[in-house]
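This is what each chain is made of:
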Amino acid sequence: MLADIGYILMTGALAVSIYGMVVPHVGVVRNNWNLVRSAQFAAILNFLLILGASAVLLRSFLRDDFSVVFVWEHSSTDLPLFYKISAFWGGMEGSLLFWVLILAGFSAVVAYGYQRTNREIIPYVIATLSAIHVFLLGLLVTWSNPLATQAPIPLEGRGLNPLLQHPAMAIHPPLLYLGYIGFSVPFAFAIASLVRGKLDNAWVVTTRRWTLGAWYALLVGQMLGGQWAYEELGWGGYWGWDPVENAALMPWLTGTAFLHSVILQEKRNMMKVWNMVLIIVTFGLSIMGTFIVRSGVLNSVHAFAQSEVGPAFLAYLALVLVVAFSLLFWRIRLLESRHTADSLLSRESAFLLNNLLFMGIAFTVFLGTVFPLLAEAIRGTKLSIQAPFFNTITAPLGIALLFLIGIATLIAWRHSSWDYLVRNFRLPVALALLTALAGGGDVASTILYHHERPDGEGYYGLDADSTPVAARVLALAEVYDAMTSCRLTAPLPSERALDQLTEWKGESVDSDCVDALVDRLRVTPKTIPLAPLPY
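What counts, and where the lines are drawn
- Residue numbers here run from 1 along each chain, matching the order of that chain's written sequence.
- Given that the model is predicted, a residue must reach a pLDDT of at least 70 before its local features are reported, and side-chain atom pairs must reach 80 or more before they are shown or counted; all residues, however, enter totals for whole chains, interfaces and linings.
- To obtain the side-chain values, all non-hydrogen atoms of the structure were used and water was disregarded.
- Stacked, edge-to-face and tilted labels apply to pairs of Phe, Tyr and Trp rings (six-membered ring for Trp) whose centres lie within 6.5 Å, assigned for plane angles under 30 degrees, over 60, and everything in between, in that order.
- We call a charge positioned over a ring when the NZ of a Lys or the CZ of an Arg lies within 6 Å of the ring centre and within 35 degrees of the ring normal.
- Any carboxyl oxygen of Asp or Glu that lies within 4 Å of a side-chain nitrogen of Lys or Arg is treated as forming a salt bridge with it.
- Every helix listed is a DSSP run of H or I at least four residues long, and every strand listed is a run of E at least two residues long, numbered separately from the N terminus.
- Here a residue-residue contact requires only that any non-hydrogen atoms of the pair lie within 4.5 Å.

*Asks:* Would you take a moment to explain the packing of aromatic side chains for this structure?
*Replies:* Any two aromatic rings considered together are summarised by their centre-to-centre distance and by the angle between their planes. This structure, assessed with the given rule, holds 18 aromatic pairs. Each residue in the set Phe88, Trp89, Phe98, Trp99, Tyr177 and Tyr180 is aromatic and connected to the rest through ring pairs, giving one cluster. Positioned above the aromatic ring of Trp330 is the side chain of Arg331, whose terminal nitrogen or guanidinium carbon lies 3.8 Å from the ring centre.

Here's what the structure looks like:
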């Protein structure tokens, strides 16, 4: 009975979503803001209805109600409470409901939080989010009903997959959903801006936090997924280029590129078309990731069994891309940038190259993931793309990306000269070369900590025992050279400098090093023979 109530709530949410998809457009055409406001309230009502349906499913898990097929398939009476809760999203039907719940929460926040701002585009933001709801809720009330019942009622459930009984897997899927679904909000604002022709920077500024939140959630979710794979799958590593892993990585890569390029749109009014393409592709890859996980067409330990919703997701992805890029081509003249990169040696060019590298890595992952599907569809033969393919192509792109990360922040906007680059990079490059030639850490730590003081008042607060010996010796040599250098107008005599260093022992210079220096210089004040070379 309670499961039937939950199903009715989902059906009601579908009807409300259809209302929220259609009415905002009617309100704009008729210039009736009351209709738009009603769509905003509909988004909040939609969240409450889906929250009620989700509460019904969660209660079924907690009460071991095996009359609900989904509960029977993914829970048992002896399953710990923590995993009974995580079993909510441990299967395909429940994960779809959880997906819709998060999306409905985001939509309600957008509808309530922006009811007095972004008035020109907010009707179509709500309409776009509602259209996504219509598709997902349509799946829930037809093919993937998580509240479907059965009779007779079994006495015991099948239990949760042992591989999913891991703390990381209890947190990993919700974070991925937050990432996937979080990109829906900037996508909706982008589509609304295209529909209304309001293509200034307002939608980028408004959705910056949404994009950052989705990006962080996707990043942490992948890290937890890697931890789970390392402990449960025996891969011998955190990353195996599994198709479902790749499905989560691709929107993260394009989302990272989007986060970088919107900076150029805000600061230099550039890359407007590029940003539209990136957010459309990022949202499309999120849908594609859902298709890979739920279609079962690719062999993966992460994927659900093959089901009817896979083709539906693929058709929906095609529809989204056709509509979004049609709007983009319709408004492309309004997106022309007034500024271009003035020089190859500029931060604008560095950002553009950064985006190209991210997209190159994303395309490589995409090709390696979907090529087996294409080969099977065209030639009827099953192929498998293994890790060497991905590593061979992405490794040099990743190294180039790390290089750009190091230099992009030091390059000036609009134009940089070679003299400017030399001044800013000579010290880092010298330190890097010195460290490489010396074999790594010893030289690096000596240079890094040679300004530390024995009393702990240096840059990093290291005391005499924590500072490397070589760094203490270098610090003393630098101070003594500064005191007696002929470059000074009135350099101190050696004896005076040694007396001064003796007074500073234990405060700004190391006591043992000062004693050794004083003994050596006062014994042989004229000349000090060099120590023999070790080779």
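*Asks:* Quick question: what am I supposed to make of the pattern of salt bridges here?
*Replies:* Summed over the entire model, instances satisfying the criterion amount to five salt bridges. Among the ionic pairs, Lys84 bridges to Asp64, the shortest N-O distance being 3.0 Å. On the criterion of sequence distance, the pair formed by Lys84 in helix H4 (residues 81-86) and Asp64 in the loop between helix H2 (33-62) and helix H3 (69-74) is long-range, its members being 20 residues apart. The partner of Lys198 in a salt bridge is Asp200, with the nearest N and O atoms 3.1 Å apart.

*Asks:* I'm lost on the environment of Ser75 in this one. Help?
*Replies:* Within the element layout of this structure, Ser75 appears in the loop between H3 and H4. Note: C-alpha distance between Ser75 and Gly90 (15 residues apart in sequence) is 9.5 Å. With sequence-adjacent residues up to four places away left out, Ser75 is seen in contact with Phe61, Asp64, Phe66, Lys84, Gly157, Arg158, Gly159 and Leu160.

*Asks:* What is the right way to look at unusual backbone geometry in this model?
*Replies:* Going from Ala151 to Pro152, the amide bond is cis rather than trans, its omega being 0 degrees. For Pro152, the location among the structural elements is in the loop between helix H6 (122-140) and helix H7 (167-182). Of note, Asn118 is a non-glycine position whose phi angle comes to about 50 degrees, a positive value. As for its position among the elements, Asn118 is in the loop between helix H5 (92-113) and H6.

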